[in-house]
Amino acid sequence: MKEGSHEDEEELARLMMSYQAGELAAFELLYGRLAAELRRYFQATVSEGAQDLVQETFLALHRSRRTYQPPLPVRPWVFGIARNVLGRHRREAWRRSRHEDRDAPPAEEAAAPAAALALEPRDLAAALARLPAGRREAWVLHHVHGLSFQQIAARFRIGVGAAKLRSSRAMRALRAALGVDPEAGGTRDG
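Novice: Any chance you could explain the overall build of the protein here in plain terms?
Specialist: Scanning the protein for helices and strands turns up nine helices and two strands. Look at the contacts in the protein between residues 6 or more apart in sequence, and 55% of them connect residues 24 or more apart. Accessible surface, the protein: about 12400 Å² in total, of which carbon and sulfur atoms supply 53%.

Right, dumping it as structure tokens:
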């Protein structure tokens, strides 16, 4: 049977229904039919760990097997699970990298961009003064006074997302006003 054909999908649906009914042999056949496709999918999106992600996908499939609704196609359902697994993997990798960056000792190279930037306090004050009041206040409360976005939202009687957005837009405007290029690692134009 050709991968993705109507007959192939019907066979996968039969296997999934058998697996839902408790037949472990059906799971083994599902694994045999879908593992290589999932591996190729993960290899195209991550640099390493594709086989681990395949295993996580089948574990998630096992946990959510009752949510499959026959006779719907199995392959899109399984790849939906795979996308969720990949999203969790990426979030965990991002969190790990942030944690490792925070724990790393400061390197001499990290100090160089700050020295190259050489901002004067009056430059920052002038750039802040040009911002709309709501954005400026959100930025100052978060970056200077250390308030959480929940605290800022409560103070302004706005949503947390709106507080984050105000601060983010203020940061973007400040970078532009101060000639800071975030893509170049914090160097100043000019």
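Novice: What is the right way to look at the packing of aromatic side chains in this model?
Specialist: Here the distance between the centres and the angle between the planes together describe a pair of aromatic rings. Summed over the entire model, instances satisfying the criterion amount to six aromatic pairs. Relative to F58, the ring of F27 lies with its centre 5.8 Å away and its plane at 90 degrees, an arrangement referred to as edge-to-face. Here F58 lies in helix 3 (residues 50–63) and F27 lies in helix 2 (residues 24–45), a separation of 31 residues in the sequence. Using a relative accessible area of 3% as the deciding quantity, one classes F58 as buried. Members of the aromatic cluster, joined through ring pairs, are Y19, F27, Y31 and F58. The ring of F156 has R166 sitting right over it, with the charged end atom 5.2 Å from the ring centre.

Novice: Is there a simple way to think about the pattern of salt bridges in this case?
Specialist: Close approach of charged atoms lets side chains of opposite charge pair. Evaluation of the coordinates by the stated rule reveals five salt bridges. The salt bridge partner of D8 is R33, with a shortest N-O separation of 2.1 Å. A residue pair is termed long-range when its members are at least 10 positions apart, and D8 in helix 1 (residues 6–20) and R33 in helix 2 qualify at 25 residues. By relative accessible area, which is 2% here, D8 ends up buried. For the salt bridge of R75 with E37, the shortest nitrogen-to-oxygen distance reads 2.8 Å.

Novice: What exactly am I supposed to notice about the side chain of E9 here?
Specialist: With respect to the helices, strands and loops of the structure, E9 is situated in helix 1. Of note is the side chain of E9, whose polar atom sits 2.7 Å from the side chain of R75.

Novice: Please explain the nonpolar core as it appears in this structure.
Specialist: Counting residues in hydrophobic clusters, the biggest one holds 27 residues, and the most contacted among them are M16, L38, F42, L61 and V74. Put simply, the parts of the chain that give this core at least two residues each are helix 1, helix 2, helix 3 and helix 4 (74–103).

Novice: It is not clear to me how helix 8 (residues 149–156) should be interpreted in this structure. Could you clarify?
Specialist: Considered for burial, the residues of helix 8 that qualify are F149, I152 and A153. The buried residues of helix 8 all sit within an arc of 100 degrees when viewed along its axis, so they share a single face. Of the exposed residues in helix 8, those oriented more than 90 degrees away from the buried face are Q150, A154 and R155. The inward-facing, buried residues of helix 8 abut helix 7 (133–144) and helix 9 (160–178).

Novice: Help me understand helix 3, please; the structure alone is not making it clear to me.
Specialist: Residues spaced three or four apart along an α-helix face the same direction, because each turn holds 3.6 residues. The end-to-end C-alpha distance of helix 3 is 20 Å, a good match for the 20 Å that 14 residues give at a rise of 1.5 Å each. Here helix 3 has its buried residues at A50, L53, V54, T57, F58, A60 and L61. The buried residues of helix 3 occupy one face: seen down the axis, they fall within an arc of 160 degrees. Among the exposed residues of helix 3, those oriented more than 90 degrees off its buried face are D52 and R63.

The rules we used
Residues numbered from 1 in each chain as written. Predicted model: local features only at pLDDT ≥ 70, side-chain atom pairs only at ≥ 80, totals over all residues. Heavy atoms only, no water. Helix = DSSP H or I, 4+ residues; strand = E, 2+ residues; numbered from the N terminus. Contact = heavy atoms within 4.5 Å. Areas by Shrake-Rupley, 256 points an atom, 1.4 Å probe, with all protein chains shown as cover. Phe/Tyr/Trp six-rings, centres within 6.5 Å; stacked < 30°, edge-to-face > 60°. Buried < 20%, exposed > 50% of the residue type's maximum accessible area, 1.4 Å probe, protein only. Lys NZ or Arg CZ within 6 Å of the ring centre and 35° of its normal. Salt bridge = Lys/Arg side-chain N within 4 Å of Asp/Glu carboxyl O. Polar contact = N/O pair within 3.5 Å; in protein donor to acceptor, adjacent residues only side chain to side chain. Core = buried A, V, L, I, M, F, W, Y, C linked by side-chain atoms within 4.5 Å. Arc of directions from axis to C-beta. Expected span 1.5 Å × (residues − 1).

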